Amino acid sequence: MLILVISTFSVLVVSLLARKLWYTRRQQYAHFAQHPSALLLGHLKVVGQFARLHKHDAHADLALVDMSKALGRPPLMFVDLRPISEPVVVVADHEIADAITKASKSFPTSPPKSDGSLQRLLYLMGPASIFSQHGDQWKLLRKQFNPGFAPQYLNTFVPEILDKGLIFAERLDSLCKSGKVFSMMSLTVQLTFDIIGRVIMETDLDAQDEDETKRGELVVLFETLLKAYQGERFNLPWWLTPGKVARRSALFNRITGILQEVVRRKHAEVHKTGVAASEARSVLSLALLDTKQLTPDAMNTTCDQLRTFLFAGHDTTAILLSWVFYELSRTPHASHAVQLELNSLFGADTKPDAVRAQMLERSDRIQQMPYISAVIKEALRLHPPGGTARAIPRGSGFTVRMPNSDPQCLDGLLVYNCQRLIHTDPKVFGDTAYKFMPERWLTNKDSDNIAAGAWRPFERGPRSCIGQELANIEARIIIALVFRRYKFNKVGLGKISRDNHGQPVLNDQTSQYNVSEELYPTRQVTSKPVDGMMMSIESA
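These figures come from a predicted structure and were not determined experimentally.

About the thresholds
Residues numbered from 1 in each chain as written. Predicted model: local features only at pLDDT ≥ 70, side-chain atom pairs only at ≥ 80, totals over all residues. Heavy atoms only, no water. Pairing = 2+ DSSP bridges. Helix = DSSP H or I, 4+ residues; strand = E, 2+ residues; numbered from the N terminus. Axes fitted to C-alpha atoms, helices over the stretch in contact; angles between N-to-C directions. Contact = heavy atoms within 4.5 Å. Patch = residues over 30% accessible without salt bridge, like charges linked within 9 Å, V, L, I, M, F, W, Y side chains within 5 Å. Areas by Shrake-Rupley, 256 points an atom, 1.4 Å probe, with all protein chains shown as cover. Salt bridge = Lys/Arg side-chain N within 4 Å of Asp/Glu carboxyl O. Buried < 20%, exposed > 50% of the residue type's maximum accessible area, 1.4 Å probe, protein only. Parallel < 35°, antiparallel > 145°, perpendicular 65-115°, else oblique. Nonpolar A, V, L, I, M, F, W, Y, C, P; charged D, E, K, R; others polar.

Spatial ordering of the open sheet is given by β1-β2-β7-β4, a layout of 4 strands whose pairing is mixed. The open sheet has two edge strands with one neighbour each: β1 (76-79) and β4 (388-391). The sheet shows a mean angle of 25° between the axes of neighbouring strands, taken without regard to direction. With 4 bridges connecting them, strand β2 (residues 88-91) and strand β7 (residues 414-417) associate as parallel partners. Of the residues in β7, the one forming a bridge with Val89 is Val415. Seen against the sheet, helix α3 (residues 60-70) touches β1, β2 and β7 and runs at an angle of roughly 115° to β1. Across the sheet, helix α4 (residues 94-101) lies against β1, β2, β4 and β7, angled at about 125° from β7, the strand it touches most.

Next up, the structure:
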């Protein structure tokens, strides 16, 4: 009798679990466009199949793009990553992406960031980072730090950016003379670290010192911390990578100690010498003006904003510059247009010192670079550093409108605005969606037809990147200083193909030189060229 009861109960439990599993995999989210789902592993096998179409270290977004294309690029695509991770809805439509990131009655500062993303970036940005805060706390932080990123304030740092740019130019001169192959990403990372250190902390980080032993400790620790994130294509739970997490934690604590000393020194300087708002010379100084007492909470919050700005403030611009130099090196008409624009602004003298002198004489020249600005936009369109993932709380009733006007509820789901999909939408960019074509952004009929939300490398809505204007200013200045002096040659992956006479082979359809093998992005916290953008340079 007992055996019969146990057997019946077991059958009942198994039956209930089977029904639950069937509902979870086949019915719960069946209204979303998706690939066939396995009962036990959901879409993990499908993701693996598409990922194997690319190199083992390629960014996971490439697999998501292929999965979306195979389904006809639906506005929303459901990907079930359970039990490894939570299920995600991948957004390919810019209007839906705008609906997700805009302010609403339910979410005045837009829906919250995903827990997985926040946990992964914890040791880079800290628990009190503006990146992870929501509601009133986010508004308070944004209000506190906004003045330091206002265009009129950033323009006061043009001389410092130029000085750091001259060091960068000197390093390129040295590499040009030696003929050495080098990582452009390494050089641009060190350049942008130097710049962001001056802007946010009024500190020389010595990131570009040729002698590695003389580089600032903060830069070395940050670079080491970033390396501790290499090799992870997806957000994995901490218990799958305990060694990496422990290393990140130790580096986080060492960085905290250095930042605390910077904050103490700057706080004392601001309040003991009575610095006025008009005299503040860094983002940190401005932020500390109203902080009369440096409590432990104020210290922790300030340090976390500094580490956030140090990371985000160097990363995007470094990636952008690397891709700009690469794309221009293989797009002759765009390279020629950039040179003409710079010649019209600064004359025939390409020496960085001469360009610097003219920029200091008239800083408004930085805003008179329409074609270079178009190059920057196009590089960020094709090579976005990241996307944004938002966690829609259960019971919120959060609903978006599909292109056919049907409502779609996203309750309880992780929603990922995939910029690599949105930025190449054929409905917006047509047959040239994958073509590097800066001209599309110039004032003409084509640019008027591009919806603002279809370009979102700094995201949109109330939580758009606070430092996007700084990134644009930096990029224009560096391009103006060095681009005309050198011929940038890609080495290895992405190298230009040449004919029997040694001449580059131009593809008439793309207006770019053909390459032996396409350069692709990998995930190193953000999306970066897989080889660090290996290059050599020669005098132009």
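Now for a nonpolar patch on the surface. A grouping of Leu39, Leu40 and Leu41 is seen on the molecular surface, where their side chains present a nonpolar patch of about 280 Å² in accessible area. Here Leu40 is to be found in the loop between α1 (2-27) and α2 (44-51). Owing to a relative accessible area of 63%, Leu40 belongs among the exposed residues under this scheme.

What follows concerns the pattern of salt bridges. Counted according to the given criterion, the structure contains 23 salt bridges. For Lys528, the salt bridge is made with Asp315, and the minimal N-O distance between the two is 3.1 Å. In this pair, Lys528 is assigned in strand β12 (residues 526-529) and Asp315 in helix α14 (residues 296-329), connecting sequence segments 213 residues apart. For the pair formed by Lys528 and Asp315, the shared burial category is buried. Among the charged side chains, a salt-bridge network with shared partners connects Asp98, Arg456, Glu459 and Arg460.

This part is about the sheet that holds strand β8 (residues 486-490). Strand order in the open sheet made by the 3 strands is β3-β13-β8, with antiparallel pairing throughout. Two strands close off the open sheet at either side, each with one partner strand: β3 (182-183) and β8. Bridge count between β8 and strand β13 (residues 534-539): 5 bridges; the pairing is antiparallel. Within β13, the residue paired with Lys487 across the bridge is Glu538. The sheet contacts of helix α9 (residues 158-178) involve β3, β8 and β13, and relative to β13 the element is tilted by about 85°.

A few words now on unusual backbone geometry. Along the chain, Arg82 connects to Pro83 via a cis peptide bond; the corresponding omega equals 10°. Tracing the backbone through its elements, the reader meets Pro83 in the loop between β1 and β2. Despite not being glycine, Asp206 has its phi angle at roughly 55°, a positive value. As for its position among the elements, Asp206 is in the loop between α10 (184-201) and α11 (217-227). Within the chain, Met533 stands out as a residue other than glycine whose phi angle is a positive 60°.

We now examine the packing of α14 against helix α17 (residues 370-382). Contact geometry for α14 and α17: axes closest at 9 Å, N-to-C directions at 105°. By the angle class used here, α14 and α17 are roughly perpendicular. Taken together, the residues of α17 that come into contact with α14 (itself represented by Leu320, Val324 and Leu328) are Val375, Ile376, Ala379 and Leu380. Partitioning the contact of α14 with α17 into residue classes produces 7 nonpolar, no polar and no charged.

Read these as layout, nothing more, since geometry by itself doesn't imply function.
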